[in-house]
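Structural features, examined
Spelled out, the chains give:
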Amino acid sequence: MSSIRREGKEVFVPVEVMERVGKATFEASGCSPKEAQTIITRLAGANLRGHDSHGVIRVPRYVQWIDDGRQVPNQTIEVMLDQPSFAVIDGRFGFGQSIGEQTVDIGVAKAKQHGVSMTALRNSGHLGRIGDWAERAAAEGIVSIHMVNVRGSLIVAPFGGVDRRGSTNPFCAGIPMPDDDPIILDFATSLVAEGKALVALKGGKPLPPGALVDADGTITSDPKPLYGETPPGQYPDPSRGPGALRAFGDHKGFGMNFLMEMMAGALTGSGTAGALGEEQNRPFCNGMFSIYVNLEAVTGVPTHMGHPFAEEVRNYVAFVKSARPTEPGGHVLIPGEKEKMVMAERLKTGLPLAAEAWDDIVATARSKGVNDVDFD
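Residues numbered from 1 in each chain as written. Predicted model: local features only at pLDDT ≥ 70, side-chain atom pairs only at ≥ 80, totals over all residues. Heavy atoms only, no water.

**With respect to the sheet that holds strand β6 (residues 142-151)**
- Taken in spatial order, the seven strands make up an open sheet running β3-β4-β5-β13-β6-β8-β9, and their pairing is mixed. With partners counted over all chains shown, the strands left at the sheet margins are β3 (78-83) and β9 (180-187), one partner each. Neighbouring strand axes in the sheet, compared pairwise and without regard to direction, differ in orientation by 10 degrees on average.
- Pairing of β3 with strand β4 (residues 86-90) involves five bridges; the strand directions are antiparallel. Residue pairing across strands places E78 opposite D90, the latter belonging to β4.
- Here helix α5 (residues 131-138) sits on the sheet in contact with β6, β8 (171-177), β9 and β13 (285-294), set at roughly 160 degrees to β6.
- Along the sheet, helix α10 (residues 308-321) contacts β8 and β9; its crossing angle with β8, the most-contacted strand, is approximately 115 degrees. (Pairing = 2+ DSSP bridges. Helix = DSSP H or I, 4+ residues; strand = E, 2+ residues; numbered from the N terminus. Axes fitted to C-alpha atoms, helices over the stretch in contact; angles between N-to-C directions. Contact = heavy atoms within 4.5 Å.)

**Side note on the sheet that holds strand β14 (residues 351-354)**
- With antiparallel pairing, the three strands of this open sheet are ordered in space as β1-β2-β14. The sheet terminates laterally at β1 (5-7) and β14, the two strands that pair on one side only. In this sheet, adjacent strand axes meet at a mean angle of 25 degrees when their direction is disregarded.
- Where β1 lies against strand β2 (residues 10-13), three bridges are found, and the strand directions are antiparallel. Following the sheet pairing, R5 is matched in β2 by F12.
- Together, β1, β2 and β14 form the strand contacts of helix α12 (residues 355-367), whose direction differs from that of β14 by roughly 95 degrees.

**Focus: the pattern of salt bridges**
- For the structure shown, the criterion picks out 20 salt bridges.
- For K110, the salt bridge is made with D82, and the minimal N-O distance between the two is 2.7 Å. Taken as a pair, K110 in helix α4 (residues 96-114) and D82 in strand β3 lie far apart in primary sequence, 28 residues in all.
- We classify K110 as buried; its relative accessible area is 11%.
- In this structure, the salt-bridge partner of R129 is D132, at a minimum N-O distance of 2.7 Å. The same class applies to R129 as to D132, namely buried.
- Ionic contacts of the salt-bridge type, sharing partners, join the residues R42, R49, E101, D105, R129, D132, E135 and R136 into one network. (Salt bridge = Lys/Arg side-chain N within 4 Å of Asp/Glu carboxyl O. Buried < 20%, exposed > 50% of the residue type's maximum accessible area, 1.4 Å probe, protein only.)

As structure tokens, this is what we get:
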């Protein structure tokens, strides 16, 4: 596929076109060519897997954050504490797509040497799709768990509450499979990610029932209460609205959301989403607490040999998928399987975007002087 296709209110953009537009836009905003390519590759990769909330719809917001000084291009991490099996790392408000790579590579290297390791990342720019980091570790034969919070982003109400007290706080785990694709579990602990609300606001896929609570306690699926009125010339800001997202799974989901604040916010030293008296004073950043386990070290079997771990996982996957589907002709899926199916489709059709979302990306690119790319 080589050209942009419009169908009603939807636009299908080939991945290679999106990457050219995004790379040029981020370079024009101050990122090095390498970082610009890294950012847009990971954003487009999120769309390819169906995670549109963490995809290219964020290009205008990222550019705005650069202009506002909230995210800093071309940053290198600062290792605050370096021990044999763990490290405390400051991301210095750099782009999460770069900071995340640097952090995970440290955790992987330590796990390879010592069997297990931990990284505590603070002050990172938006880390994007957390599944990227589990995939990066799994490619090296490392099992990993990642807990993330968002300091300074109060957009989620606690279970039984109306007022904003937390953020979307994703959880992710990756299981490497020798000679096969890894199994990746990756989800926000809010009922939907904020980016999904943004996609819905821009005319994309509607939100599920009960995704938000309005200021008066009304449960709704309308994304507008999260953003309020957007001033002309500005991009929707979830900090402005009177409503809030809700945690998934009632009290259980909120418990997971709360745990992310403890591990990724308090334990890393990055800071929790908010505190009494500081509601408007905490600068935005991601914290991420990660655990890495060397598969070879734990099992005692080199990954290039017939691996009992992989055999056990495959057997369980087959057992799970043998369950009768609830709908005739349906399928029982394991974590990450839906993403593979979506990727295969979108590599053929292009990335589906609401026309308004694509127009925002084009307007952002042109505002930075990018005029040598075919946007039609």
